[in-house]
Amino acid sequence: MVLVVAVLAAIVAVELLRRLLVSRRVNGRFQLAGPLVERCTWPGFATAALVAFNTVYVPGMSGRTADNAVEQTVTVLLIACVAWLVIQASYAVTDVVLARLNKVEGLANRKARRIRTQITLVRRVAAAVIIVVSTGAMLFSFPAVRALGAGLLASAGIAGVVAGIAAQSTLSNLIAGLQLAFSDAIRLDDAVVVDGEWGRIEELTLTYVVVRLWDERRLILPVSHFTTTPFENWTRYESRVVGHVMLYVDWSVPIDALRAELYRRLRDHPLWDQKDWTLQVTDIQPNGLVELRALMSASDAPSVWDLKCDMREMFVTFIRENYPQALPRFRVEDLPNERITGTRPESEAGAPRPEADGATPGPSQANEGDGPGQASQTNNGDGLHQASQADGSDGHRQASADGSRANDSHGSQGTGAARNSGRMSA
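In what follows, the accompanying structure is described. (Residues numbered from 1 in each chain as written. Predicted model: local features only at pLDDT ≥ 70, side-chain atom pairs only at ≥ 80, totals over all residues. Heavy atoms only, no water.)

## Concerning the overall build of the protein chain
For step 1, the next point in the chain: Scanning the protein chain for helices and strands turns up 15 helices and ten strands.
For step 2, the next point in the chain: By the burial criterion, 31% of the 426 residues in the protein chain qualify as buried.
For step 3, the next point in the chain: Within the protein chain, contacts between residues at least 6 apart in sequence are counted, and of these 61% link residues at least 24 apart. (Helix = DSSP H or I, 4+ residues; strand = E, 2+ residues; numbered from the N terminus. Buried < 20%, exposed > 50% of the residue type's maximum accessible area, 1.4 Å probe, protein only. Contact = heavy atoms within 4.5 Å.)

## Re a nonpolar patch on the surface
For step 1, the next point in the chain: Taken together, Val 4, Leu 8 and Ile 11 make up a surface patch of nonpolar side chains, about 240 Å² in accessible area.
For step 2, the next point in the chain: Inspection of the secondary structure assignment puts Val 4 in helix 1 (residues 2–22). (Patch = residues over 30% accessible without salt bridge, like charges linked within 9 Å, V, L, I, M, F, W, Y side chains within 5 Å. Areas by Shrake-Rupley, 256 points an atom, 1.4 Å probe, with all protein chains shown as cover. Salt bridge = Lys/Arg side-chain N within 4 Å of Asp/Glu carboxyl O.)

## What about the packing of aromatic side chains?
For step 1, the next point in the chain: In this structure the tally under the stated criterion is seven aromatic pairs.
For step 2, the next point in the chain: The rings of Tyr 263, Trp 272 and Trp 277 are connected pair by pair, giving a single aromatic cluster.
For step 3, the next point in the chain: Sitting above the plane of the Tyr 91 ring, Arg 123 keeps its charged end 4.2 Å from the centroid.
For step 4, the next point in the chain: In this arrangement the basic side chain of Arg 236 is found over the ring face of Tyr 237, its NZ or CZ atom lying 4.9 Å from the centre. (Phe/Tyr/Trp six-rings, centres within 6.5 Å; stacked < 30°, edge-to-face > 60°. Lys NZ or Arg CZ within 6 Å of the ring centre and 35° of its normal.)

## Focus: the packing of helix 1 against helix 3 (residues 33–56)
For step 1, the next point in the chain: The interhelical angle for the contact between helix 1 and helix 3, taken along N-to-C directions, is 165 degrees, at an axis separation of 8 Å. Here helix 1 is positioned roughly antiparallel relative to helix 3, judged by the angle of their axes. Note that helix 1 runs across helix 3; the crossing there is right-handed. Residues Val 2, Leu 3, Ala 6, Val 7, Ala 10, Ile 11, Val 14, Glu 15, Arg 18, Leu 21 and Val 22 of helix 1 touch helix 3, and the partners they reach there are Ala 33, Val 37, Thr 41, Gly 44, Phe 45, Ala 48, Ala 49, Ala 52, Phe 53 and Val 56. (Axes fitted to C-alpha atoms, helices over the stretch in contact; angles between N-to-C directions. Parallel < 35°, antiparallel > 145°, perpendicular 65-115°, else oblique. Left-handed = near helix turned anticlockwise from the far one by under 90°.)

## Considering the nonpolar core
For step 1, the next point in the chain: Judged by nonpolar contacts, the single largest core of 24 residues is most densely connected at Leu 258, Leu 262, Met 296 and Phe 315.
For step 2, the next point in the chain: Those residues in contact with Phe 315 that sit more than four places away from it in its chain are Val 245, Leu 247, Leu 258, Leu 262, Leu 279 and Ala 294.
For step 3, the next point in the chain: Among the nonpolar cores identified, the runner-up in size contains 17 residues, and Ala 176, Ala 181, Ile 201 and Phe 226 belong to it. (Core = buried A, V, L, I, M, F, W, Y, C linked by side-chain atoms within 4.5 Å.)

## Some points on the pattern of salt bridges
For step 1, the next point in the chain: Overall, the coordinates contain 19 salt bridges when judged by the stated rule.
For step 2, the next point in the chain: When the shortest N-O distance is used, the salt bridge between Arg 18 and Glu 15 registers 2.8 Å. Taken together, the positions of Arg 18 and Glu 15, both in helix 1 and three residues apart, correspond to about one turn of that helix.
For step 3, the next point in the chain: A residue is classified by how much of its surface remains accessible, and Arg 18, at 26% relative accessible area, is partly exposed.
For step 4, the next point in the chain: A salt bridge links Arg 200 to Asp 189; the shortest N-O distance between them is 4.0 Å. One end of the pair, Arg 200, is in strand 2 (residues 197–204); the other, Asp 189, is in the loop between helix 9 (168–183) and strand 1 (191–194), with eleven residues separating them in the sequence.
For step 5, the next point in the chain: Through salt bridges with shared partners, one network takes in Glu 202, Arg 212, Glu 216 and Arg 218.

## Focus on the sheet that holds strand 2
For step 1, the next point in the chain: Judged by pairing direction, the sheet is antiparallel, and its five strands sit side by side in the order 4-3-2-1-5 without closing on themselves. The two strands at the open ends of the sheet, each matched to only one other strand, are strand 4 (218–222) and strand 5 (232–233).
For step 2, the next point in the chain: Pairing of strand 2 with strand 3 (residues 208–213) involves five bridges; the strand directions are antiparallel. The partner of Arg 200 across the bridge, within strand 3, is Arg 212. (Pairing = 2+ DSSP bridges.)

## Things to note about the sheet that holds strand 8 (residues 290–298)
For step 1, the next point in the chain: With antiparallel pairing, three strands are arranged side by side in an open sheet as 6-8-7. The two strands at the open ends of the sheet, each matched to only one other strand, are strand 6 (241–249) and strand 7 (272–284). Averaged over all pairs of adjacent strands, the angle between strand axes in this sheet comes to 20 degrees, irrespective of strand direction.
For step 2, the next point in the chain: Looking at chain direction, strand 7 and strand 8 are connected through eight bridges and run antiparallel. Across the sheet, the residue bridging to Asp 283 is Glu 291, located in strand 8.
For step 3, the next point in the chain: Across the sheet, helix 11 (residues 255–267) is in contact with strand 7 and strand 8; its angle to strand 7 comes to roughly 160 degrees.
For step 4, the next point in the chain: With respect to the sheet, helix 12 (residues 301–322) is in contact with strand 6, strand 7 and strand 8, its orientation differing from that of strand 6 by roughly 20 degrees.

## A closer look at helix 3
For step 1, the next point in the chain: The end-to-end C-alpha distance of helix 3, which contains 24 residues, comes to just 30 Å, noticeably less than the 34 Å that a straight helix rising 1.5 Å per residue would cover.
For step 2, the next point in the chain: Of all the bends in helix 3, the greatest reaches close to 60 degrees and is centred on Cys 40; the proline Pro 43 follows between one and four positions later. (Expected span 1.5 Å × (residues − 1). Bend = angle between axes of the 7 residues up to and from the residue.)

## Comments concerning the packing of helix 11 against helix 12
For step 1, the next point in the chain: In contact at an axis separation of 11 Å, helix 11 and helix 12 are set at 135 degrees when each is read in the N-to-C sense. If you check the angle between helix 11 and helix 12, you find them oblique. Judged by the twist between their axes, the crossing of helix 11 over helix 12 is right-handed. Of the residues in helix 12, those in contact with Ala 257, Leu 258, Glu 261, Leu 262, Arg 265 and Leu 266 of helix 11 are Leu 307, Met 311, Met 314, Phe 315, Phe 318 and Ile 319.
For step 2, the next point in the chain: Looking at the contact of helix 11 with helix 12 residue by residue, the class counts come to ten nonpolar, no polar and two charged. (Nonpolar A, V, L, I, M, F, W, Y, C, P; charged D, E, K, R; others polar.)

## Some points on unusual backbone geometry
For step 1, the next point in the chain: Its identity as a non-glycine residue notwithstanding, Asp 195 has a phi of 55 degrees, on the positive side.
For step 2, the next point in the chain: Relative to the elements of secondary structure, Asp 195 occurs in the loop between strand 1 and strand 2.
For step 3, the next point in the chain: Backbone geometry places Gln 274, a non-glycine residue, at a positive phi of 65 degrees.
For step 4, the next point in the chain: On the accessibility criterion, Gln 274 (47% relative accessible area) is partly exposed.

Right, here's the structure in full:
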């Protein structure tokens, strides 16, 4: 009965203290009251009950055979509850500091995020140390383990080497986490680009880092990834970012008009930080288009993304409505027929020409004349075309050339006709 009354009295005392901290009079004055109540209520109940039990309990209450077991159990539970209460109390105190740092904006935001990162990691390290110490205390509360303490301490060097080799990756992540926290390489809420993905540092622990991507996905990476692999930190010194918009337009685009319209729209845009802007011709593409680059700055990465989208939409609308002739286009040249198909001009001397009615030329035939000066004649299917006059040798060469051209143009049929023409001319 005495034990039950003592335990109930301890629980009632903790409940009264909790109600006092929740009251408006206390909670309105002390910011620490709310986090303490939120985190320490259940550890407080457990610790108070065990302390009351351990204080009132005397050997012989539960029988001689059970005294040792009860005392050992109460000791182990009391150590665990005290460690739990200390960890939660430390988290409650740091929660107040972190809540104040979350409200910091402007130029002091970078320093505030750095302190937040360090506090988060330090309290995780402190919690790990408290757990290790409390576990050792619970083990050494057993007489058998206490007798082996000297031997364990003697072999601690060998055990440490073995444990270090077995947990090499874990230890490297722990050291990398502390290095990131105190070297200011990354901080909570930093805008980073990791493995081609843009996001913000949402959680930074001693073993892993959680990156919240722009589409609400979570990229979880080991801490050692940030110490061994290059990555982009867009908020290393400040969150201000310069964005760019690329345009590809025709040569007839009015650069001055586009530049004036860009400045007019930026000046009235709420996301522009009133600092950097420009519009430049950066390149001429091989396809004949002009490359324009518009630069603009904003306070952070999300703002510059929205600003870029708005300015790109403005350019599209402005060029389409005011300068449609400057829209991107590809030019082609209408080449003559002989340059495209490789055919010979009809006006070339000595070439076979089809009739006006479009009949297909037939094999050319050379008629036998009265002498070597007689001109050769070519049969074109529908009629005869008189060839040029020449002496005997010139006529022979002309007839051979006609047969050769007919061979190139009309295949084997022309070849047979050329041979026939050559024999007749001879």
